[in-house]
Amino acid sequence: MDQPVLSWLLAQLGTSTDIADLEARYTRLGSARAVALEVLAERRAKLLADPLRLTVDGVVTMDNTNNLTGTERQITAVSAAVAPDDSAPADGTAVLATAPLLPARRTR
């Protein structure tokens, strides 16, 4: 994993993300986008494993609904973003290059 890929991953996942973990995932998965999506999917799963809203009357209220919504939006954004190691656009379209064609000799 080179520096542009690592920088992109840290920008998507946060600077507190373990770099050794990212390198191991990148070696296994082979793509920055796949690494980012796997980490975000794990974060989403952790949020869903616990109750999203917890209220103890008069003491505390915890609500992780917005965190879940934000994580899902981030997954959508990473899916659509262009990663530095992408060889083709994320939407599956092909890159088209055009060039004018000129005749080798002019005819009269």
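To keep things clear, this report deals only with the structure shown in the data block. All values derive from a computational prediction rather than experimental measurement. (Residues numbered from 1 in each chain as written. Predicted model: local features only at pLDDT ≥ 70, side-chain atom pairs only at ≥ 80, totals over all residues. Heavy atoms only, no water.)

Our next topic: a nonpolar patch on the surface. Residues Leu54, Val56, Val59, Val60 and Met62 make up a contiguous nonpolar surface patch of roughly 430 Å² in combined accessible area. Elements represented by at least two residues in the nonpolar patch include exactly strand 1 (53-56) and strand 2 (60-63). Tracing the backbone shows Val56 in strand 1. Looking at Val56, the relative accessible area reads 39%, which means it is partly exposed. (Patch = residues over 30% accessible without salt bridge, like charges linked within 9 Å, V, L, I, M, F, W, Y side chains within 5 Å. Areas by Shrake-Rupley, 256 points an atom, 1.4 Å probe, with all protein chains shown as cover. Salt bridge = Lys/Arg side-chain N within 4 Å of Asp/Glu carboxyl O. Helix = DSSP H or I, 4+ residues; strand = E, 2+ residues; numbered from the N terminus. Buried < 20%, exposed > 50% of the residue type's maximum accessible area, 1.4 Å probe, protein only.)

Right, let's talk about the nonpolar core for a bit. Of all hydrophobic cores here, the largest spans 16 residues; its most connected members are Trp8, Leu9, Leu13, Leu22, Ala32 and Ala36. Those elements that place two or more of their residues in this core are helix 1 (3-13), helix 2 (19-29), helix 3 (32-49) and helix 4 (65-80). A total of 6 residues in this core trace back to one element, the largest contributor, which is helix 1. (Core = buried A, V, L, I, M, F, W, Y, C linked by side-chain atoms within 4.5 Å.)

It is worth spelling out the pairing of strand 1 at this point. Where strand 1 meets strand 2, 4 bridges bridge the pair, whose relative direction is antiparallel. Residue pairing across strands places Arg53 opposite Asp63, the latter belonging to strand 2. Linkage of strand 1 to strand 2, two consecutive antiparallel strands, is achieved through a turn of 3 residues, within which Gly58 is found at a positive phi near 75°. (Pairing = 2+ DSSP bridges.)

The values reported here are purely geometric and, on their own, carry no functional implication.
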